[in-house]
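# Examining the three-dimensional arrangement
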Amino acid sequence: MTKLTDLFPYAFDERYKKPVAYFSMEFAVDQPLKIYSGGLGFLAGSHLRSGYELKQNMIGIGILWKKGYYDQERNQDQTLRVNFRDKDYHFLIDTHIVFPITIHGSRVYVKAYLLKPEVFNTVPLFLLTTDIPENDYLAQTISHRLYDPNETTRIAQSILLGIGGAKLLDVLERETEIYHMNEGHALPLCFYLLDKYKSLLEVRKRVVFTTHTPEKAGNEEHSVPLLNSMSFFNGLTQKQVDEYVQPENGVLNYTLTALRLARRANGVSQLHGEVSRKMWGDYGSICEITAITNAQNKTYWSDPAMDKALAEGNDQALIARKKELKYKLFRTVANQTGKLFNENVLTMVWARRFAAYKRANLLLADYNRFLRIAQNAKYPIQIIWAGKPYPEDYNAINIFNEIYWKTKDLPNCTVVTGYELWLSGHLKKGSDLWLNNPRLYHEASGTSGMTAAMNGSINVSIPDGWVPEFAQHGKNAFIIPTANDLLTTESKDKLEGNALLDLLEHEIIPMYYEQPAKWRGIMKASMSGVSPMFDSGRMADEYYTKLYS
């Protein structure tokens, strides 16, 4: 049996002694542990790493996904193929803790594994699974696929995370003062606590909530009768549910309910905090929504040799190291695509989850103009796309495939697969430009640009998410002018696509070749300005001082 006294390899810092449990559906801790899909997991992984560095009394609670998110591969014609493969992790500790929870009126057994802090330099992370012999096959599949497309399975996954995680803490006899829900997936833990304390006030004392997106898909909701039949409310009566959370028209919105059950909540950038307050402010009985801007762990993401060259003011070493990192990236790209890039050529990367609002294909909207820029021999540019669509988001998969077909015959443009932690690191370290062009107000934070900046890749971005808190056009980044909010989506896409091409053609690309000293100045300002504000040490500290206090 795992002992609480053995969990932490450090004495707690006095500032962070309050015991916290951090619930997240995904964690991107390190490449070998494939239990994440994208930005939410990258953020959670950096949070756990910084919690370790700051010696915080925090425990992570997640799910051990047997098949992970999915393995991104290619069909015979090079288009995207989704593959699901079982995964084993021999570096996890079997705690031998097994306990029952109720899902859909039936007993389901949960087993807990432990990622010890010393393995990847994180706070302790408990991972729950139902894939054990004590369960029938249907119950075993609950912990198979991250974000399973089946509605009842998704609900069961939330019950596993929320109720299973809260019950594990009780089994461990761990005193927990703060239950932190990283997104609304763990919402059932609130109903577990309501059953335990019989008081909404007592629950609110203990629960805090981070909302991550203004996208409807990120704000999950289901009908109350379905949730009730799934045992989502942990035995509470319909009358109690109505009294505690006031469902709207028989539908329970996870985010709105979390805002009603938490004592405090936060958006993940200053702009997103404003958007969230406008989005939810007209609803009754919600908690205060503040803002704690996301960040990423510099220790994990930055290149030490580039940091050293920057600190010493050695421009020659800085540029030489950047070319070495570009060469490493280009070997990876060539291995996948057969296209061998040149480290002396300006290289731009678009890499993140493929979703319609992130506009991976905005560069290609005026295809003839794009070709003119891509084929300019005087001012050459290399462009790489990467990212995983949700496996059932066929529109996003079509965008991935469209980019492949439109760049197939261009030796300097390509799309690569396998966008996970390692490839993400190579892309950030080996690029000169990091492109971020979502529709305005749709990107809550967008942390990939932070880690790109740490590695000398200059942001080219719409002023959304974290970007307005950092970017100064022509000084440490390049800002894409945005269209009038009152225009149609199609008109805004067209105008902003043209603005992006204008920026590249008339300012960015010529500067790289004609004004190398100015380019280096922007690159160095980007590297030096991104830390410590966007290092997750600042963020992990702010959660204790602003949300947990």
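Check the entry above for the structure.
I will try to describe carefully the structure that is included in this document.

The rules behind the values
Residues numbered from 1 in each chain as written. Predicted model: local features only at pLDDT ≥ 70, side-chain atom pairs only at ≥ 80, totals over all residues. Heavy atoms only, no water. Buried < 20%, exposed > 50% of the residue type's maximum accessible area, 1.4 Å probe, protein only. Helix = DSSP H or I, 4+ residues; strand = E, 2+ residues; numbered from the N terminus. Pairing = 2+ DSSP bridges. Salt bridge = Lys/Arg side-chain N within 4 Å of Asp/Glu carboxyl O. 1 Å grid on protein atoms, 1.4 Å probe; cavity = no way out; pocket = protein on both sides within 12 Å on 5 of 7 lines; lining within 4 Å. Points joined across faces, edges and corners; volume = space filled by probe spheres on them. Nonpolar A, V, L, I, M, F, W, Y, C, P; charged D, E, K, R; others polar. Axes fitted to C-alpha atoms, helices over the stretch in contact; angles between N-to-C directions. Contact = heavy atoms within 4.5 Å.

The next subject is the pairing of strand β12 (residues 264-267). Covered by surrounding structure in β12 are Arg264 and Asn266 together with Ala265 and Gly267, the residues of both alternating faces. Bridging between strand β9 (residues 207-210) and β12 involves 3 bridges; their strand directions are parallel. Paired with threonine 210 across the bridge in β12 is asparagine 266. Bridge analysis of β12 against strand β13 (residues 288-291) gives 4 bridges, and the strand direction is parallel.

Tallying each qualifying case throughout the model produces 39 salt bridges. A salt bridge links aspartate 131 to lysine 66; the nearest nitrogen and oxygen atoms lie 2.9 Å apart. Remark: lysine 66 occurs in the loop between β2 (58-63) and β3 (71-74) and aspartate 131 occurs in the loop between β7 (125-129) and α3 (137-140); sequence separation between them is 65 residues. With relative accessibility at 24%, the residue aspartate 131 sits in the partly exposed group. The exposure class of lysine 66 is partly exposed, given its relative accessible area of 25%. For arginine 85, the salt bridge identified is with glutamate 73, shortest N-O distance 2.7 Å. Of this pair, arginine 85 sits in the loop between β4 (80-83) and β5 (93-103) while glutamate 73 sits in strand β3; the two residues are 12 residues apart in sequence, bridging distant segments of the chain.

Considering all chains together, one arrives at 4 cavities of 30 Å³ or more under this definition. The volume enclosed by the largest cavity comes to roughly 60 Å³. In terms of lining residues, the largest cavity is bounded by Lys34, Tyr36, Gly68, Tyr69, Tyr70, Asp71, Lys87, Lys388 and Glu420. Grouping the constituent residues of the lining of the largest cavity by class yields 3 nonpolar, 1 polar and 5 charged.

The subject of this paragraph is the sheet that holds strand β6 (residues 106-115). Read across the open sheet, the 9 strands follow the order β5-β6-β7-β2-β1-β8-β9-β12-β13; overall the sheet is mixed. Edge positions in the sheet fall to β5 and β13, since each has one partner strand and no second. Sheet twist, expressed as the average angle between the axes of neighbouring strands with direction ignored, equals 25°. Taken strand by strand, helix α1 (residues 39-53) contacts β1 (20-24), β2, β7 and β8 (178-182), and its axis lies near 160° from that of β1. Those strands touched by helix α4 (residues 151-171) are β1, β2, β5, β6, β7 and β8, and its axis lies near 120° from that of β5.

With that settled, the discussion passes to the sheet that holds strand β18 (residues 458-461). With parallel pairing, the 6 strands of this open sheet are ordered in space as β16-β15-β14-β17-β18-β19. Lying at the two open borders of the sheet, with one neighbouring strand each, are β16 (413-416) and β19 (477-479). Geometrically, the sheet is characterised by an average inter-axis angle of 20° between neighbouring strands, direction not taken into account. The pairing of strand β14 (residues 346-351) with strand β17 (residues 433-436) spans 2 bridges and is parallel. The partner of methionine 348 across the bridge, within β17, is leucine 433.

What follows concerns helix α10 (residues 270-280). Those residues of α10 that fall on the buried side of the exposure criterion are Leu271, His272, Gly273, Val275, Ser276 and Trp280. The secondary structure elements touched by the buried residues of α10 are β11 (251-253), α9 (254-261), β12 and β13.

This part takes up the environment of glutamate 175. For glutamate 175, the position within the fold is in the loop between α4 and β8. Relative accessible area serves as the criterion here: at 56%, glutamate 175 is assigned to the exposed category. Along the primary structure glutamate 175 and valine 20 are separated by 155 residues, whereas in three dimensions their C-alpha atoms are 8.9 Å apart.

With that settled, the discussion passes to unusual backbone geometry. Most peptide bonds adopt trans geometry, and most residues besides glycine take a negative phi value. A cis amide bond links serine 531 with the next residue in sequence, proline 532, at an omega value of 15°. By the secondary structure assignment, proline 532 is in the loop between α19 (516-529) and α20 (536-547). Even without a glycine there, the phi angle at lysine 198 is positive, about 60°. Here lysine 198 lies in the loop between α5 (188-197) and α6 (200-206). According to the relative accessible area criterion, lysine 198 is exposed, its value standing at 59%.

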